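A structural walkthrough
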Amino acid sequence: MIGGTYDILAEEGSTLELQFEYLDESEAAVNITSSSNVIEFLLKKTSTKTSTFLFMIDSAGNQTEGTLEYPDTNTYFGTIIKTGSSVGSFKLTINADTMALLTPGTYFHYLRLKNGSTVTPLCKGRFTVESKVK
């Protein structure tokens, strides 16, 4: 399965909250409520196939720092919570402290579902951070 493309526009220093719903080809919600299903959000500097990333958040509560260029005083980057009225719904939150660490510019994100060694791409795209209005 090929994931979709979804570009994200965020503001430097502001909390980012996005609601997603994972649907199959017939637009029925895919059940992701099992604890063996883990949703991962990775933010990278480049779109190349490398394991180097700025940070990763997953629905199991892991907050993994990659090659974040800033001192790690913040181990809580955000959350992914399986939520909503549908079994396929989840909410991604990146906190304001993490968004303040990102220099305005364009990055690349990957959102995927993992179940053991099976990885299903959900979406990828550009992640643009704009300077906050001062």
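Residues numbered from 1 in each chain as written. Predicted model: local features only at pLDDT ≥ 70, side-chain atom pairs only at ≥ 80, totals over all residues. Heavy atoms only, no water.

A separate point is the confidence of the model for the chain. The pLDDT averaged across the chain works out to 85; a share of 87% of its residues lies at or above 70. Of all secondary-structure elements in the chain, the lowest mean pLDDT belongs to strand 6 (residues 63–65), at 77, while strand 2 (residues 8–11) reaches the highest, 96. (pLDDT = per-residue confidence, 0-100. Helix = DSSP H or I, 4+ residues; strand = E, 2+ residues; numbered from the N terminus.)

This part is about the environment of Ile39. The topology assignment puts Ile39 in strand 4 (residues 38–44). The spacing of Ile39 and Leu122 is 83 residues in sequence and 9.1 Å in space, taken between C-alpha atoms. Beyond its immediate stretch of four places on either side in the chain, Ile39 contacts Ile32, Ile57, Asp58, Ser59, Ile80, Lys82, Phe90, Leu111, Arg112, Leu113 and Leu122. (Contact = heavy atoms within 4.5 Å.)

Attention now moves to the pattern of salt bridges. Counting across every chain of the model gives three salt bridges. Salt-bridge contacts for Lys114 lead to Glu40; the nearest nitrogen and oxygen are separated by 3.9 Å. Of this pair, Lys114 sits in strand 9 (residues 105–115) while Glu40 sits in strand 4; the two residues are 74 residues apart in sequence, bridging distant segments of the chain. Classification of Lys114 as partly exposed rests on a relative accessible area of 26%. Via salt bridges that share partners, Glu40, Arg112 and Lys114 belong to a single interconnected network. (Salt bridge = Lys/Arg side-chain N within 4 Å of Asp/Glu carboxyl O. Buried < 20%, exposed > 50% of the residue type's maximum accessible area, 1.4 Å probe, protein only.)

Walk down a regular strand and you will see the side chains alternate between the two sheet faces. Here strand 2 shows one buried face, formed by Ile8 and Ala10, and one open face, formed by Leu9 and Glu11. Across four bridges, the pairing between strand 2 and strand 10 (residues 118–130) is parallel. Looking at strand 10, one finds that Ala10 is bridged to Val129. (Pairing = 2+ DSSP bridges.)

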